[in-house]
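Spelled out from the first residue to the last, the chains are:
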Amino acid sequence: MDYFFELFLGGLTRGSIYALIALGYTMVYGIVQLINFAHGEIYMIGAFTALIVISVLTMLGWNQIAILLIAAGAAVVYSSAYGYTMEKIAYKPLRQAPRLSALISAIGMSLFLQNYVLLAQTSDFLPFPALIPDFEFMEPIAHIIGSPELVILITTTIVMVLLTFLIKFTKIGKAMRATAQDRDMAQLVGVDVNRVISVTFIIGSATAAIGGVLIASHIGQINFYIGFIAGIKAFVAAVLGGIGSIPGAVLGSLVLGWTESFFTGYISSDYEDVFAFVFLVLILIFRPAGILGRSTSEKV
Amino acid sequence: MWIEIETPMLANELKKSFLASLWFMFLTFPIMVIRVNTVEKIIQWRWANLFFVGIGSFILSALWRYLIRRKEQGIHRTEVDGIARVTLSQRLLGDRRFTIPALIITTIAALVFPFVFSIYQTNIMITALIYVMLGLGLNIVVGLAGLLDLGYVAFYAVGAYSYALLNYHFGLGFWTVLGIGGGLAAMFGIILGFPVLRLRGDYLAIVTLGFGEIIRLILENWNAFSFGPSGIANIPRPGLFGIDLDIEQATIYVYFLMIAMTLFTIFVVNRLQNSRIGRAWIALREDEVACQSMGIDKRKTKLMAFALGATWAGFAGVVFAAKTTFINPASFTIWESINVLCVVVLGGMGSIVGVIVGAFILILLPEYLRFLSEYRMLAFGTVLVMMMVFRPGGIVETVRRTYQYKETDH
Amino acid sequence: MDMEPILNVKQLTMNFGGLRALDNVDLDVHQGEIVALIGPNGAGKTTFFNCITGIYDPSGGDVLISAPKKGKTQRINGLKPNRVTEKGLARTFQNIRLFHNMTVLENVMIGCHCRMKAGILGAVFRGVSTRREEKAVVQKSYSILEKIGLEKYVNDFAKNLPYGAQRRLEIARAMATDPFMLLLDEPAAGMNPHETQDLDALIIRIRENEGISILLIEHDMKLVMSLSDRIFVMDYGKKIAQGTPAEIRKNPAVIKAYLGEEIDA
């Protein structure tokens, strides 16, 4: 039973991190109907930025909590900036183009960013310091849940609540929902669609950066390729939950996290990465709209 | 008078470029300038990079805005005139005075190539021809039917492993397996096709990508079947009526074999795209709903595209295994699929000449410009984005032979 | 009316989640008739077309057809759109859905697709029968374009055609599928009065010369009243009236449904 609980928690942590990345996919998809293939790379850039800041500040002898906060802040700022710029270069000129074009452009962007980091930094795995200290108050339950896991769960929950609040109750959130429903109509009633799309990319990238820092610190190493596979899994999670739906992205991520955790724990870890794909194919065959998505048929 | 108008415009342009340059210097600062060595605790500051990024983005941003403006004017022009521009490549390809000499020169070059150049060069050429075949096959799926298939490499793997395994276990020869490999790949194409029939373009891309990865991971992990990551060695080269060939002769033989197969591919793809089926593919790409309402069976048409596209990948895989005599799963990663996609996109989706040109550029350039080879993938990424933004039709925009009605047909 | 109707729709119902877009709608068309389906925006007219032509699978009711020459009655609910087209019902779209990057001739040739046979081998080897078939299809497509009056655009790309011509090309494309009945979804939308007049004549010609019956959705009341043998009126997913143009004009339910909307008849 302990082993079961361990796998359960492992899946929960894993799922929470997928959720932070999946949110970006789902938001962008909801608004521009584009699979942002390069979203995983944004997350990777967040992790790299954090690592660089941490290393520099550690050598300068700063205090650990300050380093953690500054590094996370830098990751968020830089990931958002990359997300914003990427949209302006690779997607904005293609708004009126066929979807296939935007998709190919997104794949190109992903390839570019991976190799940019590969060439400017390194192809090796870099050790990433464990940023989250073991809290003292956690000691009695440390055998059940570690401090890093707790921080990941709490952070993910906070981000989710903030996002839901933002979309439900703020002015920009309203504009986002309007744009998601009907971009042309939103524009007609005075929504600045370009701004909404930029903000969506920025928010999505920022949450991905938080995910990047957390997972890097959790796993303990990064390289230029981490974004790709994580990106694909997060996408699967978003589709599983019902793409375009924020609670769906979270639910899908948790389901995927648990499934992976139990599967590798009880059966075999050889096919860990296959699993997400098999899952994806099955969902798309049996319930293409996802768990929480509503099926829509094309207007004829 | 015009100076008064131009000066503020120039100043404005300079300002925009300057701001872009500042932005990119900020953006690339941590990754381009700082490099930390966490083991030896050294920080390397590469300030020169910041300077290059600044200059580079200043120029590129000006160029970018110029190109965007030109593109918008181009669209505007066609809207006003109602006449599509005829590009240089289209004019050249339509002109017999160009095509016939070009064809003759290509034929002679292709025939004498292996006798003039070294084995090494011939091998590179064979690789390029394999990509032409892969590109033409993928072109059926992506270019004609408009289905973005990112798992194309899986069919290539099916072909290569068919030959390697059937030869290892049953001693089957190259020619026998060529047919079987193509057939198996087609079967896999249909197997993949079924579940994705109902999917829209973007989901399709991800599912096919997943399918490609599943095949690769199975090859990597199922040791009893595929010999795992260590792969299969000593695959025989294709035989020629039982004559023993040395490596050089065998390479030349494979080269001519590839030339013949490429010609065959071109012939078939050309015939297909100018047929009832080819028309149905293009219609499917244009509008799925209308296509079905005009009596076209969407399932059958899509499956046919998948199966035919996969067949060529299967053929190419068999040749690849025979050429390299060694295969392992590392040759069949997702990046291979993306390479082939690059070939199709750069050359021109839906254009046969385009795919050939694309394959030669993308395979030969990095081979001969060795100092650029580490930038190869970076360049591929850039190519995909830039082509989509500025020239979605590719280098050789489709010169599809449209059906022309001539009075003489009465 | 002793003959069996060629299209007989009984109690057709369509639900989208909780929304009932069609509620027990009955409609019938006899051989050689021109029938109009009218109603305010959002009444469910296009949904009705989509249910008949296989784009939606209706939640309830029957769609029966009885092709004029074959005579056998068939139920076609839930068939794929291409099967419906093969059975002889062809449609046009309200928001023009041509194959924009194909020529006018090719658009019509696509319509012939389901009446052709050439497969992969035929395409590759291009034998005598394939070549003969291709030639026949080009001829047939051209003659349809002549009938519709689009022959001067034959080699132009569909996207470059004027708006009215695009609407007529949709009709030509549908006719190429050899239907016994055409379903036209707002064929006159966006046309100027002159073009509408031509369309009126064209629809009559299609019925007289080709023997194709017509069911059309239209907002242009003048066109509807002059063309139709019978009219069905829908509102909020229900059929509220049916009858000859003269009867419909006087029907109080119809006047009420259109209250606030102008009837230029």
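Residues numbered from 1 in each chain as written. Chains lettered and ligands numbered in written order. Predicted model: local features only at pLDDT ≥ 70, side-chain atom pairs only at ≥ 80, totals over all residues. Heavy atoms only, no water.

1. Details of the interface of chain B and chain A
What counts is decided by this rule: Here, two residues are considered to be in contact whenever any of their heavy atoms come within 4.5 Å of each other. Accessible area that two parts lose when put together, with a 1.4 Å probe and added across both, is what the buried area reports. Distance and chemistry together define a polar contact, namely a pair of N or O atoms within 3.5 Å, with one atom able to donate a hydrogen and the other to accept it when in protein, and with adjacent residues in sequence counting only for side-chain atoms on both sides. Each helix corresponds to a stretch of at least 4 residues labelled H or I by DSSP, and each strand to a stretch of at least 2 residues labelled E; elements are numbered beginning at the N terminus. Here the nonpolar group is Ala, Val, Leu, Ile, Met, Phe, Trp, Tyr, Cys and Pro; Asp, Glu, Lys and Arg are the charged ones; every other residue, Gly included, is treated as polar.
Contacts between the two partners involve 60 residues from chain B, matched on the other side by 61 residues from chain A. Across the chain B to chain A interface the summed buried area is about 5,400 Å²; carbon plus sulfur atoms make up 78%. When the buried surface of chain B facing chain A is broken down by residue, I31, Y203 and I206 of chain B rank first, second and third, together holding 13% of it. Where chain B packs against chain A, one counts 7 residue pairs in polar contact (both at pLDDT 80 or more). For the side of chain B that touches chain A, the elements supplying multiple residues, two or more each, are α1 (2-33), β1 (34-37), β2 (42-45), α2 (47-81), α8 (201-221), α14 (334-347) and α16 (376-390) of chain B. Ranked by residue count, the leading element in the side of chain B that touches chain A is α8 of chain B, at 13 residues. A breakdown of the residues in the side of chain B that touches chain A according to their chemical character gives 43 nonpolar, 8 polar and 9 charged.

2. As for the domain arrangement of chain B
This is how it is decided: Where each domain starts and ends follows an automatic or database-derived domain assignment.
Assigned domains within chain B: domain 1 (2-81) and domain 2 (92-390). In this structure, domain 1 of chain B and domain 2 of chain B have C-alpha centres spaced 37 Å apart.

3. With respect to the layout of surface pockets
Our working rule: With a 1 Å grid spanning the protein atoms alone, the term cavity applies to any set of points in which a 1.4 Å probe fits but cannot get out, the term pocket to an open set with protein on both sides within 12 Å along at least five of seven lines, and the term lining residue to any residue with an atom within 4 Å of a point. Grid points are joined across faces, edges and corners, and a volume is the space filled by probe spheres set on the points.
Considered as a void within the structure, the second largest pocket measures approximately 710 Å³ in volume. If you go around the second largest pocket, you meet 30 residues; those closest to its centre are I215, I219, I229, K233 and E272 of chain A. For the lining of the second largest pocket, the elements supplying multiple residues, two or more each, are α1 (2-32), α8 (193-219), β2 (221-222), α9 (226-241) and α11 (272-286) of chain A together with α8 of chain B. At 7 residues, α1 of chain A tops the list of elements feeding residues into the lining of the second largest pocket.

4. Considerations on empty space enclosed by the protein
All names here are of chain C. Per the stated rule, a full pass over the model turns up 1 cavity of 30 Å³ or more. For the largest cavity, the calculated volume is near 30 Å³. The wall of the largest cavity is formed by T92, F93, R167, E170, I171 and P187. For the lining of the largest cavity, the residue count by class is 3 nonpolar, 1 polar and 2 charged.

5. Remarks on the pairing of strand β2 (residues 19-29) of chain C
All names here are of chain C. Worth spelling out the cut-off: In this description, strands pair whenever DSSP reports at least two bridges between them.
The pairing of strand β1 (residues 7-16) with β2 spans 7 bridges and is classified as antiparallel. Bridge pairing links F16 to L19 in β2. Counted between consecutive antiparallel strands, the loop separating β1 from β2 contains 2 residues, among which G17 sits at a positive phi close to 60 degrees.

6. A closer look at the packing of helix α2 (residues 39-59) of chain A against α8 of chain A
Residue and element names in this part refer to chain A. Let me state the cut-off plainly: Working convention: axes come from line fits to C-alpha atoms, limited for helices to the stretch in contact. Angles between N-to-C directions cover 0 to 180 degrees. Here the angle decides the label: under 35 degrees means roughly parallel, over 145 means roughly antiparallel, 65 to 115 means roughly perpendicular, and every other value means oblique. Should the near helix be turned anticlockwise from the far one by less than a right angle, the crossing is termed left-handed; should it be turned clockwise, right-handed.
In contact at an axis separation of 7 Å, α2 and α8 are set at 55 degrees when each is read in the N-to-C sense. Comparing their axes, α8 and α2 come out oblique. When the axes of α2 and α8 are compared, the crossing they make is right-handed. Along its contact with α2, which presents H39, I42, Y43, G46, A47 and A50, the element α8 presents G204, S205, A208, A209, G211, G212, V213, I215 and A216. For the contact of α2 with α8, a count of residues per class yields 9 nonpolar, 6 polar and no charged.

7. Notes on helix α4 (residues 96-116) of chain B
Defined as follows: A helix is expected to span 1.5 Å for every residue after the first. One fitted axis covers the seven residues ending at a residue, a second covers the seven starting there, and the bend at that residue is the angle between these axes.
The end-to-end C-alpha distance of α4 of chain B is 29 Å, a good match for the 30 Å that 21 residues give at a rise of 1.5 Å each. A maximum bend of about 30 degrees is found in α4 of chain B at A110 of chain B, where proline P114 of chain B lies one to four positions downstream.

8. Digging into the nonpolar core
The condition that has to hold: Each nonpolar core is a collection of buried residues, namely Ala, Val, Leu, Ile, Met, Phe, Trp, Tyr and Cys, held together in the definition by side-chain atoms within 4.5 Å. Only protein chains enter the accessibility calculation, which uses a 1.4 Å probe. A residue is then buried if its area is under 20% of the maximum for its type, exposed if over 50%, and partly exposed in between.
L148 and W281 of chain B are the most contacted members of the largest nonpolar core, which has 243 residues in total. With residues up to four places along the chain from it excluded, the contact list for L148 of chain B reads L100, L103, I104 and I107 of chain A together with V142, L204, A205, T208 and L341 of chain B. Core analysis: the second largest hydrophobic core is formed by 52 residues, I38, A176, A188 and L199 of chain C among them.

9. Details of the packing of aromatic side chains
Note the following rule: When the centres of two rings from Phe, Tyr and Trp lie within 6.5 Å, Trp using its six-membered ring, the rings pair. Their planes under 30 degrees apart give stacked, over 60 give edge-to-face, and anything left gives tilted. Two thresholds decide whether a charge sits over a ring: the Lys NZ or Arg CZ must be within 6 Å of the ring centre and within 35 degrees of the ring normal.
Within the structure shown, the criterion is met by 38 aromatic pairs over all chains. Summarising the aromatic geometry, the rings of F174 of chain B and W175 of chain B are spaced 5.3 Å apart at their centres and angled 85 degrees between planes, so their arrangement reads as edge-to-face. Overall, the relative accessible area of 3% leaves F174 of chain B in the buried class. For W175 of chain B, a relative accessible area of 48% translates into the label partly exposed. Against the face of F93 of chain C rests R97 of chain C, its NZ or CZ located 5.8 Å from the ring centre.

10. Let's talk about the pairing of strand β8 (residues 213-217) of chain C
All names here are of chain C. Burial of β8 is extensive: 5 of the 5 residues sit out of reach of the surface. Both faces of β8 are covered, namely the face carrying S213, L215 and I217 and the face carrying I214 and L216. Sheet analysis places strand β3 (residues 34-38) next to β8, joined by 4 bridges and oriented parallel. Along β8, the bridge assignment pairs V35 with L215. Across 5 bridges, the pairing between strand β7 (residues 181-185) and β8 is parallel. The residue of β8 that forms the bridge with L184 is L216.

11. Some words on the environment of A185 of chain B
Residue and element names in this part refer to chain B. Tracing the chain through its elements places A185 in helix α7 (residues 174-196). A185 sits in the buried class, given a relative accessible area of 0%. In contact with A185, other than residues within four places in its own chain, are F155, V158, A310, T311 and G314.

12. Notes on the side chain of T47 of chain C
As for its position among the elements, T47 of chain C is in helix α1 (residues 45-52). On the accessibility criterion, T47 of chain C (15% relative accessible area) is buried.

13. Some thoughts on a positive patch on the surface
Residues and elements named next belong to chain A. Note the cut-off: Patch membership is restricted to residues that have no salt bridge and whose relative accessible area is over 30%. Joining uses 9 Å for like charges and 5 Å for the nonpolar side chains Val, Leu, Ile, Met, Phe, Trp and Tyr. Note on areas: Shrake-Rupley with a 1.4 Å probe; residue coverage comes only from the protein chains shown. A pair is scored as a salt bridge if a Lys or Arg side-chain nitrogen falls within 4 Å of a carboxyl oxygen belonging to Asp or Glu. Two residue types count as positive, namely Lys and Arg, and two as negative, namely Asp and Glu; His and chain ends fall outside the count. The atoms used to mark charge sites are NZ of Lys, CZ of Arg, CG of Asp and CD of Glu.
On the surface, K168, K171, K174, R177 and R195 cluster together to form a positively charged patch. Counting residues per element, the positive patch draws most heavily on helix α6 (residues 171-181), which supplies 3 residues. As for its position among the elements, R177 is in helix α6. Overall, the relative accessible area of 40% leaves R177 in the partly exposed class.

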